[in-house]
Structures are given as C-alpha cells and as structure tokens.
There are 2 protein chains.
Amino acid sequence: MMNALRIAVVGYGNIGRYAVEAVAAAPDMELAGVVRRSAVTSAEEAKQLADIPVVTDVGQLGQVDVAILCGPTRSIPETAPQYLARGIHTVDSYDIHGESLWRLRADLDAVGKKHGRVAVVAAGWDPGSDSLLRALFLAMAPKGITYTNFGPGMSMGHSVCAKGKPGVRDALSMTIPTGTGVHRRMVYVELEANADLADVTAAIKADPYFAHDDTRVFAVSSIDDIKDMGHGVQMERKGVSGATHNQLFEFRMTINNPALTSQIMVSAARAAARHLQPGAYTLPEIAPMDMLPGDRETLVKTLI
Amino acid sequence: MMNALRIAVVGYGNIGRYAVEAVAAAPDMELAGVVRRSAVTSAEEAKQLADIPVVTDVGQLGQVDVAILCGPTRSIPETAPQYLARGIHTVDSYDIHGESLWRLRADLDAVGKKHGRVAVVAAGWDPGSDSLLRALFLAMAPKGITYTNFGPGMSMGHSVCAKGKPGVRDALSMTIPTGTGVHRRMVYVELEANADLADVTAAIKADPYFAHDDTRVFAVSSIDDIKDMGHGVQMERKGVSGATHNQLFEFRMTINNPALTSQIMVSAARAAARHLQPGAYTLPEIAPMDMLPGDRETLVKTLI
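By convention here, each chain's residues receive numbers from 1 onward along its written sequence. Going through the entries in the order they are written, you letter the chains from A and number the ligands from 1. Totals for whole chains, interfaces and linings use every residue, but because this is a predicted model, local features are given only for residues with pLDDT of at least 70 and side-chain atom pairs only at 80 or more, for both listing and counting. Note that the side-chain values use all heavy atoms of the structure and ignore hydrogens as well as water.

**Side note on helix H6 (residues 156-163) of chain A**
Residues and elements named next belong to chain A.
Turning to step 1, where the next piece is worked out: The classification of residues rests on relative accessible area computed with a 1.4 Å probe and restricted to protein chains. Under 20% of the type maximum is buried, over 50% is exposed, and intermediate values are partly exposed. A run of H or I in DSSP counts as a helix once it spans at least four residues, and a run of E counts as a strand once it spans at least two, with each numbered from the N terminus. Every buried residue of H6 is listed here: His-158, Ser-159, Cys-161 and Ala-162. Projection of H6 onto a plane perpendicular to its axis shows the buried side chains occupying an angular sector of 160°, all on one side. Away from its buried face, by an angle of more than 90 degrees, H6 presents the exposed residues Met-156 and Val-160.
Turning to step 2, where the next piece is worked out: In this analysis, two residues are considered to be in contact whenever any of their non-hydrogen atoms come within 4.5 Å of each other. The elements touched by buried residues of H6 are strand S8 (153-154), strand S9 (168-177), strand S10 (183-191), helix H7 (197-206) and helix H8 (208-211). This arc describes the spread of directions from the helix axis toward the C-beta atoms.

This is the structure we're talking about:
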C-alpha cells in the first residue's frame, strides 16, 4: 500500500468546495487542508470546514504533495510557481485557450524542472478532458473537422456582461448548442423597477459578446430561481482514417460543471505525484491510466 | 524537420492493406515495405503492391524504426519479441481482453526494456481507443458503471460459428447493440440446396456462442452481397464526480473497422518511436498527444 497523497486545496470558491469532496472520495488521498487568503468564513462555511485545517499559508499544513489551485484563472501564472518552488506539485484549471496557455505551460515547465516538480495545466474539461478527446480523435482520423458544441449551460462571461447593462439587476446567459460549433445565447434578465425589456435587449444584442450569435433575451422575476450548475458538451468529428473517409465520432456529456472540473483536477494530481517526470503537462500530454488509483496489473486486466 | 519514421507493415491481410494506406497518409512516415510469409501475390495484390518492397524477412528492408504487426492476434506473442530483439519497436492490435493481454504486456515489457525498444500492445479500438476512453471516464467520474455497446457490425467469431452448422454454405452474424451492454445477434445464412431454415436456426440458437443472446436467423441468397466493413460503438457512463451523482457521458462512433484499427496502430507507432521510454504500453498508458505529428507548441496552441 502506497502512502496516501497529501493534498492542499487552494481557494475555497465553487471549484474549491467540490475539490474538497473529490479528495475525500479518493481512496489514495488525504486532505492536508484548505489554503485561502482569509481564514474567516461565513457560518455556513464554518460548518463545511469544521474538521478541515484552514490556513493562509501552505507551510502551516505540514507535508503537502500536491496543491489543487482553485483560484481564478488569472491568478494561476503568479500562484503556481510559488508552490512549485516550495517543492509542491500543482494542478490548475486555467481556462484561456491559445497563446497564454502555451506561455503558462512553458513557464511552469521551466520552474517545475528546476525544482523537480510537476505542474498539470488546464486540467478542467475545456480546456482539459475535451482537449484530450480532440487529440484522440485526431489520432483516430487525422484529416477532418472536429466541432465542439458547448451547453446547454450557463456562460459566466456572458452572464456578467448582460448584468452590466443599465436596468439589469441580475442576469444569466445560457449557451445553447445548435451544432457544428454554432451557439445560441438565451439571456434571462431580472429587470430594475423602471427598466424596459426592449432597451435592455437592444443593449445586450449590440455588445460584442453577443453581436455574432443568435441572442434571445427574456425577463424573469428571479435569476436565483433559475440558476443551475449543469453544463454539457457535444463533440463531433467526421474524418479520414488512412484513405478511408466518413469515419464518424461523437462525444456527449451532461454534467455538474464545478464537480467535474474539480474531479479532473484531483485525478490529475495523482498523475502528477505518482507517474510524471518533472515539468509541465496539459491533459492530452498525460496517459489517462496515470490518473487512476490502483495497480497497473488490475487496471490492464479490468479496463482494457 | 525530423527524419521520417521508417515503418514495416508485417502481414498483408485486411488490416495490413489499410495500414499501408495509413502510413502513406502520415506526413512524418515512410513505408519501408511489407513483410509476409510469401512474396507471391495474386494479380490484384501484385497491382496494389507494385511500388512497395515485399520481403519475407524484415532484414531485407534496410533500417526500420517500427513494425506494425498485422498478423492474427494469436501470432503476436511469438512475433513481437523477434522484432524487439532486432531493435525494432512494435505495435499490435492484439484483441483478447484480460489475463492473456496482461501476460503479453508483461512479456513484451521485459523484452522491450532489454533491447531498449517500445511495444505498444492492443492498439486497436477495443481493446484500444475504447479502453482509453474507459480510463478517461473513470478519471472523470470514479464511481459508476460504464457500458460498452458494440455494433451495428459484423462479428467474425459468431459468423464463423454459424457458418460451421450443417446446411450452411456461408454466414454473417451482425452484432446489434440494444443498450447497457446487451446485444442482439442478427444472423444471415446462405443455405445449401436441401437445408431447412428451421433446423439451421435451432442449431445456431443452441450453440453456446449464441445461447445467451437474443438471436434471429434469416436466409439470404448471397452473403457476399451483404458484407460491409462498417462497425460501431456506443459507450455510456453514468457516474459520480467527487460527491456529485448523475454525471452522464456518452461516446459513439460509426467506422470502417480495419481502417480505424490500422490508423490507431500507425498513430501509436509514432508514440513508440518518438516519445515513449523502453517497455510495453497499452493505449490508456499513452498520452494521446504523443500519437500526433507536429511540434508540441503548435499542438498545445491549436488543440487544447
């Protein structure tokens, strides 16, 4: 029996809460504690965290193998190197695609190698498990097009944008997939007393966030009453294996968003601590079996 | 620009033919040649192989980096070590699950390490890419049930069994998925002149191959007229991420069977020659990105 991995959850927002649950459910991990800027919590949080060490510095938690970084994406480039430099593997769910993600991976690769530690970068579901599937589909049919359709589910960025319009007290923007990577925005707004729905609709539709999509705006009496953490993805690829066309692949999931994100981070923490060489990795750069508990022989016999 | 990988295709049955096509389509590979027991071919084969070196011993092909083993599954345990011992990485699509697969992996792991070479084992689609997806789904929702539903598509084993019954000239057994891992067998038989469909049906249904499944038998005038290399899979998982139940995942594909098998083997050859440490690996033990051509920076920027 291997020693349990000691995990620190850094940040206690939505993702952090679910990460605490995922660590508790992992047979080979124990929660060292939660790191947050302030140890002061609400009454509800105090109850949730009753038996969990909550500290402002990871050094107060004793030995820690992996830090699951649950703070905002923009904090990751500054936070992750600090943990790596202290000899702690990191996992994040950095969620901006493209250039900045490559830069983060390159920076953490250098810091990780210097300190003999592993950083798993962008280990959520998109980027994350969806990226891994895109890589697999490409290996199975190198030519063709992959479409990633998001939703139905809430878009944080679009919701915040709609909420910022004059006359809007609160807003929720749902992303609805209509196939081949095209999305409709269903925007629900809680209006202020004297606001006009037509004006609000025009303001939302004119915003660059929405201008290029089919956008529909609806007034509701309470945003809180319609909030739901559910989300989904449909990925489709039609491609060519060798010289054979029309190979069809489809992946769908319907999931609780923060629960899946934190579970993938926790599974990636296992790969970081048990299997990977020092450096930084995105999810398609990790063997899926390295994210699973249990011995290799049993896994090969039961899972292959 | 890296040197092109030189690939030998070993065996020229169904899979071997498609493997030749997949190597030709790969931007970073060249076909060293085809290895088969006898260089004598039919007129049609002679045309297909006109510009391809066909030899009986891989030593006649000059430098070879990877051998794609396209012979029967039962030949792999004997064939693969010979290539590894000659300093050539191997990829196979060994397709028996369980104990014997683990034994093959363990044996080739030892031989591979001794000779500093890589063996990728069971690199088809099931076992293979389906196994990789089962591992990924388990990392995303560690508790729950994964069902793998095969088809619609031809089952070789069931077809051969039905063909063996008295009065049957030729047979084709289709596997039809009915969900939660349960399958129906649709069996098409070409009868001999004086055979009775009722007798043939009874004989097929009584065979252990069919006895536990819903089996329907139909007489057709020509098996050759209904043969189709298409196959498919539906995988479903409903599971728990952390403490959150009812996470739903589904994967479907509809594919040409030998084209996909050989494409996955060719993609795995790239991982073997470019990325993996000596030893043996099943597909879930390989990072999907290691199966793709192109530099890491471009892949991370475009695929993640």
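That shown, we press on.
**Describing the interface of chain B and chain A**
Turning to step 1, where the next piece is worked out: Facing 60 residues of chain B, the contacting portion of chain A comprises 60 residues.
Turning to step 2, where the next piece is worked out: Buried area is calculated as the accessible area (1.4 Å probe) missing from two parts once they are joined, with the contributions of both summed. Between chain B and chain A lies a buried interface of about 5100 Å² when both sides are counted; carbon and sulfur atoms form 68% of it.
Turning to step 3, where the next piece is worked out: By definition here, a salt bridge exists when the distance from a side-chain nitrogen of Lys or Arg to a carboxyl oxygen of Asp or Glu is within 4 Å. The interface formed by chain B and chain A includes four salt bridges.
Turning to step 4, where the next piece is worked out: For the purposes of these results, a polar contact is taken to be a pair of N or O atoms within 3.5 Å, where, inside protein, one atom must be able to donate a hydrogen and its partner to accept one; residues adjacent in sequence count only when each atom of the pair is a side-chain atom. Linking chain B to chain A there are 24 residue pairs in polar contact (both at pLDDT 80 or more).
Turning to step 5, where the next piece is worked out: Looking at the side of chain B that touches chain A element by element, the count peaks at 12 residues for strand S13 (residues 244-256) of chain B.
Turning to step 6, where the next piece is worked out: The rule for pairing is simple: two strands pair if DSSP sees at least two bridges between them. Pairing between strand S13 (residues 244-256) of chain A and S13(B): seven bridges, direction antiparallel. For Glu250(A), the partnering residue across the bridge sits in S13(B) and is Arg252(B).

**Quick word on the packing of aromatic side chains**
The geometry of an aromatic ring pair is captured by two quantities: the separation of the ring centres and the angle between the planes.
Turning to step 1, where the next piece is worked out: Working definition: a ring pair exists when centres of Phe, Tyr or Trp rings (six-membered ring for Trp) sit within 6.5 Å. Plane angles under 30 degrees give stacked, over 60 give edge-to-face, the rest tilted. One pass over the structure, following the stated rule, counts eight aromatic pairs over all chains.
Turning to step 2, where the next piece is worked out: When the ring of Trp125(B) is compared with that of Phe150(B), the centres are 6.4 Å apart and the planes differ by 50°; the resulting orientation is tilted. Taken as a pair, Trp125(B) in the loop between strand S6 (118-120) and helix H5 (129-140) and Phe150(B) in strand S7 (residues 143-150) lie far apart in primary sequence, 25 residues in all.
Turning to step 3, where the next piece is worked out: For Trp125(B), a relative accessible area of 7% puts it in the buried group.
Turning to step 4, where the next piece is worked out: According to the relative accessible area criterion, Phe150(B) is partly exposed, its value standing at 26%.
Turning to step 5, where the next piece is worked out: Between Phe137(B) and Phe249(B), the aromatic rings sit 5.6 Å apart at their centres with planes inclined by 25°, giving stacked as the arrangement. Here Phe249(B) lies in strand S13 and Phe137(B) lies in helix H5, a separation of 112 residues in the sequence. When sorted by exposure, Phe137(B) lands in the same class as Phe249(B), which is buried.
Turning to step 6, where the next piece is worked out: Linked through ring pairs, Phe137(A), Phe249(A) and Phe251(B) together constitute an aromatic cluster.

**Brief notes about the packing of helix H3 (residues 76-85) of chain A against helix H4 (residues 99-115) of chain A**
Residues and elements named next belong to chain A.
Turning to step 1, where the next piece is worked out: A fitted line through C-alpha atoms represents every axis, and for helices the fit uses only the stretch in contact; the resulting angles, taken between N-to-C directions, go from 0 to 180 degrees. Axis separation between H3 and H4 bottoms out at 9 Å; the angle between their running directions is 10°. Between H3 and H4, the crossing angle belongs to the class labelled roughly parallel. Every residue of H4 that contacts H3 at Ile-76, Pro-77, Ala-80, Pro-81, Leu-84 and Ala-85 is listed here: Leu-104, Leu-108, Val-111, Gly-112 and His-115. Convention used here: angles under 35 degrees read as roughly parallel, angles over 145 as roughly antiparallel, angles from 65 to 115 as roughly perpendicular, and any remaining angle as oblique.

**Quick look at the sheet that holds strand S4 (residues 66-69) of chain A**
Hydrogen bonds along the backbone pair up the strands of a sheet, which may run parallel or antiparallel.
Residues and elements named next belong to chain A.
Turning to step 1, where the next piece is worked out: The strand order across the open sheet formed by seven strands is S3-S2-S1-S4-S5-S6-S14, and the pairing between neighbours is parallel. What marks the edges here is a single partner per strand, and that holds for strand S3 (54-55) and strand S14 (279-281).
Turning to step 2, where the next piece is worked out: With two bridges joining them, strand S5 (residues 89-92) and strand S6 (residues 118-120) adopt parallel strand pairing. Bridged to Thr-90 within S6 is Ala-119.
Turning to step 3, where the next piece is worked out: Strand contacts of H4: S5, S6 and S14, with the helix running at about 145° to S14, the strand carrying the most contacts.

**What about the domain arrangement of chain A?**
All names here are of chain A.
Turning to step 1, where the next piece is worked out: Marked domain ranges trace back to an automatic or database domain assignment. With domains assigned, chain A is organised as domain 1 (5-127 + 257-303) and domain 2 (143-241).
Turning to step 2, where the next piece is worked out: Placing a centre on the C-alpha atoms of domain 1 and another on those of domain 2 gives a separation of 30 Å.
Turning to step 3, where the next piece is worked out: With five residues of domain 1 in contact, the opposing surface of domain 2 contributes six residues.
Turning to step 4, where the next piece is worked out: Regarding the contact of domain 1 and domain 2, the summed buried area is about 450 Å², with carbon and sulfur atoms giving 67% of it.
Turning to step 5, where the next piece is worked out: Broken down residue by residue, the surface that domain 1 buries against domain 2 is led by Trp-125, Asp-126 and Asn-257, which jointly contribute 73%.
Turning to step 6, where the next piece is worked out: Summed over the shared surface of domain 1 and domain 2, the number is zero salt bridges.
Turning to step 7, where the next piece is worked out: Where domain 1 packs against domain 2, one counts one residue pair in polar contact (both at pLDDT 80 or more).
Turning to step 8, where the next piece is worked out: When its residues are assigned to classes, the side of domain 1 that touches domain 2 shows two nonpolar, two polar and one charged. Amino acids are sorted into nonpolar (Ala, Val, Leu, Ile, Met, Phe, Trp, Tyr, Cys and Pro), charged (Asp, Glu, Lys and Arg) and polar (every other residue, Gly among them).

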